[in-house]
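Structural description and commentary
Letter by letter, the chains look like this.
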Amino acid sequence: MALEHADVLRAAHLARLGLNDDEAAHYLDDLGRILAMVDQLQTLDTEGVAPLAHPLETTQRLRADEVTEPDRRETFQRCAPAVEQGLYLVPRVVE
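With an unreviewed UniProt entry as reference, the chain is termed Aspartyl/glutamyl-tRNA(Asn/Gln) amidotransferase subunit C, source organism Halomonas urmiana. According to the UniProt record, the Subunit (unreviewed entry) comment for the chain is "Heterotrimer of A, B and C subunits."

Written as structure tokens, this is what we have:
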């Protein structure tokens, strides 16, 4: 797919970027090289290659799911302007 100057300006407009013609020409070259690399990668045979979530085979150490802090809801709600049945009451902002 050939990328044109107008395509770069349209993408910049959609992204709300203010590009002048010189900047668009610079990005046209950069994006052209990126698309050429993507085309090169698409020619590779990936048959039998399993997708990866991460390139390294590591596992994340998880901690035990235990409560480590006391319940201080009553303390925090004492200084709230309005509370009802354990919930904070706030003014309606959407009609």
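Still more ground to cover, so stick around.
Below, the discussion takes up the overall build of the chain. The helix and strand tally for the chain stands at three helices and two strands. For the chain, the succession of helices and strands along the chain, N to C, is α-α-α-β-β. Computed over its C-alpha atoms, the radius of gyration of the chain comes to 27 Å, more than 25% above the 12 Å expected for a compact globule of 95 residues. If you line up the chain on its principal axes, its C-alpha atoms span 65 × 45 × 25 Å. Here the contacts in the chain between residues at least 6 apart in sequence split such that 20% fall between residues at least 24 apart. Computing the positive centroid from 9 side-chain charges and the negative centroid from 18, the chain places the two 14 Å apart.

In the contact formed by helix α1 (residues 5-14) and helix α2 (residues 21-42), the axes pass within 9 Å of each other and the chain directions differ by 105°. Taken together, α1 and α2 sit at an angle that is classed as roughly perpendicular. Along the contact surface, α1 presents His5, Val8 and Leu9, while α2 presents Asp21, Ala24, Ala25, Tyr27, Leu28 and Leu31. Residue classes in the contact of α1 with α2 are distributed as seven nonpolar, one polar and one charged.

Calculation criteria
Residues numbered from 1 in each chain as written. Predicted model: local features only at pLDDT ≥ 70, side-chain atom pairs only at ≥ 80, totals over all residues. Heavy atoms only, no water. UniProt positions renumbered as here; feature names shortened; annotations may be inferred. Helix = DSSP H or I, 4+ residues; strand = E, 2+ residues; numbered from the N terminus. Rg over C-alpha atoms; globule rule 2.2 N^0.38 Å. Contact = heavy atoms within 4.5 Å. Lys, Arg positive; Asp, Glu negative; His and termini not counted. Charge placed at Lys NZ, Arg CZ, Asp CG, Glu CD. Axes fitted to C-alpha atoms, helices over the stretch in contact; angles between N-to-C directions. Parallel < 35°, antiparallel > 145°, perpendicular 65-115°, else oblique. Nonpolar A, V, L, I, M, F, W, Y, C, P; charged D, E, K, R; others polar.

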